[in-house]
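# Geometric and topological summary
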Amino acid sequence: MRPRLIGFLCEWCAAKALENMAHKRLRLPDGFMPLRVNCSGAVELSLITQALYEGASGVLVGGCPKGQCHYREGNTRAAIRLRAYRRLLEALGLPPDRIRAVWVGSGEGERLYQAIWQFWKELTGEASPL
Amino acid sequence: MRLALYNALSCAGCDLIFFLEDLPEAFWNDLEIVFWPEVCENREEILSHLPRGSLEVAFVCGAIRTKDQERLVLSLRERARKLVAVGSCALYGGIPGLLWEKEEEGPRPVTEIVSCEVAVPGCPPEPKTLKASLEALWEEKSLEETSPRPVCDECPRLRRPFRINQLVRFWGEDFSQGDCFLSLGVICAGPVTKSGCEAACLKAGYPCWGCYGPLDRQAGERLLSALASGVLPAKADEFLENLVDPVGTLFRFFLAQSPLVRLRKNLEDEKDSA
């Protein structure tokens, strides 16, 4: 099966950063599928399980930088959730490194680009064209 | 009335309870128990001599682990006109389902192997639930299918907005009085568990363990999401430290049905074929 990377990006920062990156005409991995969500804190763990179960090789959760969440503490909650989820995956013998969080500001398209390619490389071995 | 009772992988708490307490009177007329390995001869030949559809009702408790158990349940399904699955193990995998945590393949619930006419949840089922299901079975009407509601709807404890300060393990202190268990930091599966037990444990001062079954298959993750969102950010490290057994606490009765263990199995199969 083709490797897929699902990105849950918050609409205030990470999805804006993706738009910012789009202006630079940078190529993203073919299997990267971004999804815009209201807030990284709105990404329920059941969604991540579903994504993994239905064939995603990795799940990236993107949110605002620490302390700059549009909803005050959505990203803090998301961070705690993902840490707890990783513990759950470890306890079940699943690889916890398939889940990753990235905190970027709306202007940091370049950083998001690096983070996506870095994660993609770890999952599939294919490196960034740059 | 010809009955068969069969306990697969279970603690045997379920079938005792329905024989001792609440078998509806209608069942006692001309009652003939054809097959009950726990009290009579446990020979499969007894079953294999019976023609198809000759049993009125077969009760099955427990999860299915071995090939023999699977064969027996399939043969019961063939011979019984109605099959009743009783207890959390038969419906969701139950406590034996936790074997999936460490083993490659654990026991499976009965409902995944054969179709069942009636499913009675609980560990063990509350007498009321059992009676209602059996009466419905007798009168050949289906139980009203309402959308499942969480145990919280029946819980008598006071609910107020709260943040979780720390996780507390249940023993040691007296929790019989007070607000919602989650606000005290005790993990309670009420928000993600189907109601129907009339919050029996909560009324007795215990947190919900989730035996009436999950509201959906990802209930464990939902509970973890809720807990992690309720924790004060400054206390996050302490929270993770005190979450001693995440699988056993969050997936106590339905790990066998969780997509996560299926995912692990799929990954292992992929690795083997590659």
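Just so it is clear, the structure is predicted and the values come from calculations on it, not from any experiment.

### Quick notes on the overall build of chain B
For chain B, the helix and strand inventory stands at 11 helices and 5 strands. Computed over its C-alpha atoms, the radius of gyration of chain B comes to 20 Å, within 12% of the 19 Å expected for a compact globule of 274 residues. On the principal axes, the C-alpha backbone points of chain B span a range of 65 × 55 × 35 Å. Per-residue burial for chain B yields a buried fraction of 40% across its 274 residues. Taking contacts inside chain B between residues at least 6 apart in sequence as the whole, the part at least 24 apart equals 72%.

### Section: the overall build of chain A
Within chain A one finds 4 helices and 4 strands. Starting at the N terminus and ending at the C terminus, chain A contains elements arranged as β-α-β-α-β-α-β-α. The C-alpha atoms of chain A give a radius of gyration of 14 Å, which matches the 14 Å a tight globule of 130 residues would have. Viewed in the frame of its principal axes, chain A has a C-alpha envelope of about 40 × 35 × 20 Å. Considering chain A as a whole, with its 130 residues, one finds that 50% of them fall into the buried category. Long-range contacts, defined here as pairs at least 24 residues apart, represent 76% of the contacts in chain A between residues at least 6 apart.

### Comments concerning the sheet that holds strand 4 (residues 99-103) of chain A
Residues and elements named next belong to chain A. The sheet built from 4 strands is open, its strands ordered 2-1-3-4 with parallel pairing. Strands with a single pairing partner mark the edges of an open sheet, and in this sheet they are strand 2 (32-37) and strand 4. If you compare each strand with its neighbour and ignore which way they point, the axes differ by 20° on average. Bridge count for strand 1 (residues 5-10) against strand 2 is 6 bridges, and the pairing is parallel.

### A word on the packing of helix 1 (residues 14-22) of chain A against helix 4 (residues 109-124) of chain A
Residues and elements named next belong to chain A. It is the contact of helix 1 with helix 4, at a shortest axis distance of 8 Å, that shows an interaxial angle of 100°. Accordingly, the angle class assigned to the pair helix 1 and helix 4 is roughly perpendicular. Residues Ala14, Ala17, Leu18, Asn20 and Met21 of helix 1 pack against Gly109, Leu112 and Tyr113 of helix 4.

### Points about the packing of helix 3 (residues 74-91) of chain A against helix 8 (residues 219-230) of chain B
The contact between helix 3 of chain A and helix 8 of chain B brings their axes to 8 Å, and the two run at 135°. Judged on the interaxial angle alone, helix 8 of chain B and helix 3 of chain A are oblique. Remark: the crossing between helix 3 of chain A and helix 8 of chain B carries right-handed chirality. Mapping the contact onto sequence places Arg77, Ile80, Arg81, Ala84, Tyr85 and Leu88 of chain A in helix 3 of chain A and Leu224, Ser225, Ala228 and Ser229 of chain B in helix 8 of chain B. Looking at the contact of helix 3 of chain A with helix 8 of chain B residue by residue, the classes come out as 6 nonpolar, 2 polar and 2 charged.

### Things to note about the sheet that holds strand 2 (residues 32-35) of chain B
Residues and elements named next belong to chain B. With respect to topology, 5 strands assemble into an open sheet ordered 2-1-3-4-5, the strand pairing being parallel. This sheet does not close on itself; its edge strands, each paired only once, are strand 2 and strand 5 (118-120). Taken over all neighbouring pairs, the strand axes of this sheet differ in orientation by 25° on average, direction set aside. Where strand 3 (residues 55-61) lies against strand 4 (residues 80-86), 6 bridges are found, and the strand directions are parallel. Across the sheet, Phe59 pairs through a bridge with Val84, a residue of strand 4. Across the sheet, helix 3 (residues 67-79) is in contact with strand 1 (2-7), strand 3 and strand 4; its angle to strand 4 comes to roughly 135°.

### A look at the domain arrangement of chain B
Residue and element names in this part refer to chain B. Under the domain assignment used here, chain B contains domain 1 (2-138) and domain 2 (151-257). Taking only C-alpha atoms, the centre of domain 1 and the centre of domain 2 are 30 Å apart. Residue-level contacts link 20 residues of domain 1 with 14 residues of domain 2. In terms of residue count, the dominant contributor to the side of domain 1 that touches domain 2 is helix 4 (residues 88-92) (3 residues). Residue composition of the side of domain 1 that touches domain 2, grouped by class: 10 nonpolar, 7 polar and 3 charged.

### Here we look at the environment of Pro124 of chain B
All names here are of chain B. Along the chain, Pro124 falls in the loop between strand 5 and helix 5 (127-138). Given 23 C-beta atoms within a 10 Å radius, Pro124 is considered buried. Considered as a pair, Pro124 and Ala204 are 80 residues apart in the sequence and their alpha carbons are 16 Å apart. When residues no more than four places from it in sequence are discounted, the contact partners of Pro124 are Gly13, Cys14, Ile17 and Gly87.

### A few points about the environment of Ala127 of chain A
Summarising the element assignment, Ala127 of chain A is placed in the segment after helix 4. As for Ala127 of chain A and Pro29 of chain A, which are separated by 98 residues in sequence, their C-alpha atoms are 9.0 Å apart.

### Let's talk about the pairing of strand 4 of chain B
Residues and elements named next belong to chain B. Of all 7 residues in strand 4, 5 are buried; the element is thus mostly enclosed. In the classification by handedness, the crossover that spans strand 3, the intervening helix 3 and the parallel strand 4 is right-handed. Where strand 4 and strand 5 come together, 3 bridges link them in parallel fashion. Residue pairing for strand 5: Ala85 is matched across the bridge by Ala119.

### So, unusual backbone geometry
With an omega of -10°, the peptide bond between Cys123 of chain B and Pro124 of chain B qualifies as cis. Positive phi, close to 70°, is recorded for Arg72 of chain A, a residue that is not glycine.

Calculation criteria
Sequence order sets the numbering: in each chain, residues are counted from 1 along the sequence as written. Numbering of ligands from 1 and lettering of chains from A proceed in the order in which they are written. Since the coordinates come from a predicted model, pLDDT governs what is reported: local features require at least 70, and pairs of side-chain atoms require 80 or more to be given and counted, while whole-chain, interface and lining totals use all residues. Comment: elements are numbered from the N terminus, with helices defined as DSSP H or I runs of at least four residues and strands as E runs of at least two. Atoms considered for the radius of gyration are the C-alpha atoms alone. The globule rule reads 2.2 Å times the number of residues to the power 0.38. Put simply, a residue is buried when 20 or more other C-beta atoms lie within 10 Å of its own C-beta and exposed when 12 or fewer do; between those, it is partly exposed, and each C-beta is set from the backbone. Contact between residues is assigned whenever the C-beta positions, reconstructed from backbone atoms, fall within 7 Å. By definition, two strands form a pair when at least two bridges between them are found by DSSP. Only C-alpha atoms enter the line fits that serve as axes; for helices the fit covers just the stretch in contact. Angles between N-to-C directions range over 0 to 180 degrees. Oblique is the label for every angle not falling under 35 degrees (roughly parallel), over 145 degrees (roughly antiparallel), or within 65 to 115 degrees (roughly perpendicular). For a crossing to be left-handed, the near helix must be turned anticlockwise from the far one by less than a right angle; the clockwise case is right-handed. Throughout this entry, Asp, Glu, Lys and Arg are counted as charged residues, while Ala, Val, Leu, Ile, Met, Phe, Trp, Tyr, Cys and Pro are counted as nonpolar. The remaining residues, Gly among them, count as polar. Domain limits in this description derive from either an automatic procedure or a database domain assignment. A crossover counts as right-handed when, viewed with the strands pointing away from the observer, the path leading from the first strand over the helix to the second turns clockwise.

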